[in-house]
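Report on the structure
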Amino acid sequence: AQSVTQLDSQVPVFEEAPVELRCNYSSSVSVYLFWYVQYPNQGLQLLLKYLSGSTLVKGINGFEAEFNKSQTSFHLRKPSVHISDTAEYFCAVSDRSGNEKLTFGTGTRLTIIP
Amino acid sequence: DAGVIQSPRHEVTEMGQEVTLRCKPISGHDYLFWYRQTMMRGLELLIYFNNNVPIDDSGMPEDRFSAKMPNASFSTLKIQPSEPRDSAVYFCASSFRGLDSDTQYFGPGTRLTVL
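Anyway, here's the lowdown on the structure attached to this text. (Residues numbered from 1 in each chain as written. Chains lettered and ligands numbered in written order. Predicted model: local features only at pLDDT ≥ 70, side-chain atom pairs only at ≥ 80, totals over all residues. Heavy atoms only, no water.)

1. With respect to the overall build of chain A
Quick reminder of the rule: Strands here are runs of E lasting at least two residues and helices are runs of H or I lasting at least four, both read from the DSSP assignment and numbered beginning at the N terminus. Atoms counted for the radius of gyration: C-alpha only. Globule rule: 2.2 Å times the number of residues to the power 0.38. Think of it in three bands: with a 1.4 Å probe and only protein chains considered, a residue is buried below 20% of the maximum accessible area for its type, exposed above 50%, and partly exposed in between. We call two residues in contact when some of their heavy atoms are within 4.5 Å. Reported accessibility uses the Shrake-Rupley method at a 1.4 Å probe radius. Residues are deemed covered only where the shown protein chains occlude them.
Within chain A, the regular secondary structure consists of zero helices and twelve strands. Reading the secondary structure of chain A in the N-to-C direction produces β-β-β-β-β-β-β-β-β-β-β-β. Against the compact-globule benchmark of 13 Å for 114 residues, chain A has a radius of gyration of 14 Å, which places it among compact chains. Judged by the C-alpha coordinates and their principal axes, chain A covers about 45 × 30 × 20 Å. For chain A, the proportion of its 114 residues judged to be buried stands at 47%. Within chain A, residue pairs in contact and separated by at least 24 positions form 57% of the contacts whose partners lie at least 6 positions apart. Accessible area for chain A stands at about 5,500 Å²; split by element, carbon and sulfur atoms hold 50% of it.

Right, here's the structure in full:
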């Protein structure tokens with residue numbers, strides 16, 4: 001079984017400042033990793049995913065994440081945030097067995113301060 | 001495409017009543033997922049289907065919950081009888097292929113309140 005830890009439940013950041021949202025996972029097998037974003041009163045939308053290959057993954061809206069196998073982490077970063085980035089961000093993991101189950105972290109609420 | 005469609009968007013019911021949530025996946029998608037989101041437990045997968053067949057229902061909390069997919073364009077999640085602890089946002093998602101080559105597209109959710 002897999003698990004995901006998002007240590008920061010809330011992250012306030014000034015507009016145009018950089019941000020990093022932390023995600024650590026636990027698994028006894030190789031995994032796929034994902035970041036989703038949820039805007040208020042909406043469903044989740046995929047930001048980016050790591051399947052294999054380059055450990056630096058670029059996603060939509062200027063976000064990127066780096067897979068670090070030794071630290072079992074998949075932190076999300078953006079060099080300069082905008083008001084429109086205010087949302088909840090979820091890290092998720094799945095194994096590579098073909099089971100399509102996603103295990104989500106508890107989420108990080110990103111608040112952009114003007 | 002209209003995306004994943006869920007109905008109703010909001011449901012308020014009383015304890016003991018039957019509740020049925022509905023989902024129309026994106027046309028052509030072979031996978032359909034039901035998730036539940038609560039403050040206490042976060043986002044959990046309840047069940048998923050592949051080609052209308054339930055594949056993994058290990059997340060279904062108890063026998064009060066049941067899900068069906070009678071055809072490729074429709075699925076229901078039923079709770080009978082409902083309890084206040086079932087209050088949550090229920091999301092339906094669909095995908096064309098598996099996670100190694102596709103993404104799950106989420107609907108807007110149904111907010112269920114059980115009084």
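2. Observations regarding the interface of chain B and chain A
What counts, and what does not: Buried area: the sum, over both parts, of the accessible surface (1.4 Å probe) that disappears when the two are put together. Salt bridges are identified by distance alone: a Lys or Arg side-chain nitrogen within 4 Å of an Asp or Glu carboxyl oxygen. Two N or O atoms form a polar contact when they lie within 3.5 Å of each other; inside protein one atom must be a possible hydrogen donor and the other a possible acceptor, and for residues adjacent in sequence the pair counts only when both atoms belong to side chains.
Across the contact, 22 residues belong to chain B and 19 residues belong to chain A. Across the chain B/chain A interface, buried area totals approximately 1,600 Å², and carbon plus sulfur atoms make up 55% of it. Of all residues in chain B, B:L43, B:L99 and B:F106 bury the most surface against chain A, accounting for 35% of the area lost on that side. Where chain B packs against chain A, one counts zero salt bridges. Taken together, chain B and chain A are joined by five residue pairs in polar contact (both at pLDDT 80 or more). Going through the elements one at a time, β4 (31-38) and β5 (42-50) of chain B are the ones with two or more residues in the side of chain B that touches chain A.

3. Describing the sheet that holds strand β3 (residues 19-24) of chain B
All names here are of chain B. The following threshold applies: Strands pair, by our definition, only if DSSP identifies at least two bridges between them. As a rule, the C-alpha atoms of each element are fitted with a line to give its axis, helices using only the stretch in contact, and angles between N-to-C directions run from 0 to 180 degrees.
Across the sheet, four strands lie side by side as β1-β3-β8-β7; this open sheet has antiparallel pairing. Two strands in the sheet have a free side with no partner beyond their single neighbour: β1 (5-7) and β7 (65-71). With direction set aside, neighbouring strand axes in the sheet form an average angle of 15°. For β7 and strand β8 (residues 74-79), the ladder comprises five bridges, and the chain directions are antiparallel. Across the sheet, residue S66 finds its bridge partner in β8, namely K78.

4. Focus on the pairing of strand β5 (residues 31-38) of chain A
All names here are of chain A. Counting buried positions along β5 gives eight out of eight residues, so the element sits mostly inside the fold. Every second residue of β5 is oriented toward a common face, with V31, L33, W35 and V37 on one face and Y32, F34, Y36 and Q38 on the other, all of them buried. Relative to strand β10 (residues 87-95), β5 runs antiparallel, the two being bridged by eight bridges. Note that in β10 the partner of V31 across the bridge is D95. In the sheet, β5 pairs with strand β6 (residues 44-50) via six bridges, with the strands oriented antiparallel. Of the residues in β6, the one forming a bridge with V37 is Q45. Hairpin connection of β5 to β6: five residues between the antiparallel strands, including N41 at a positive phi of 60°.

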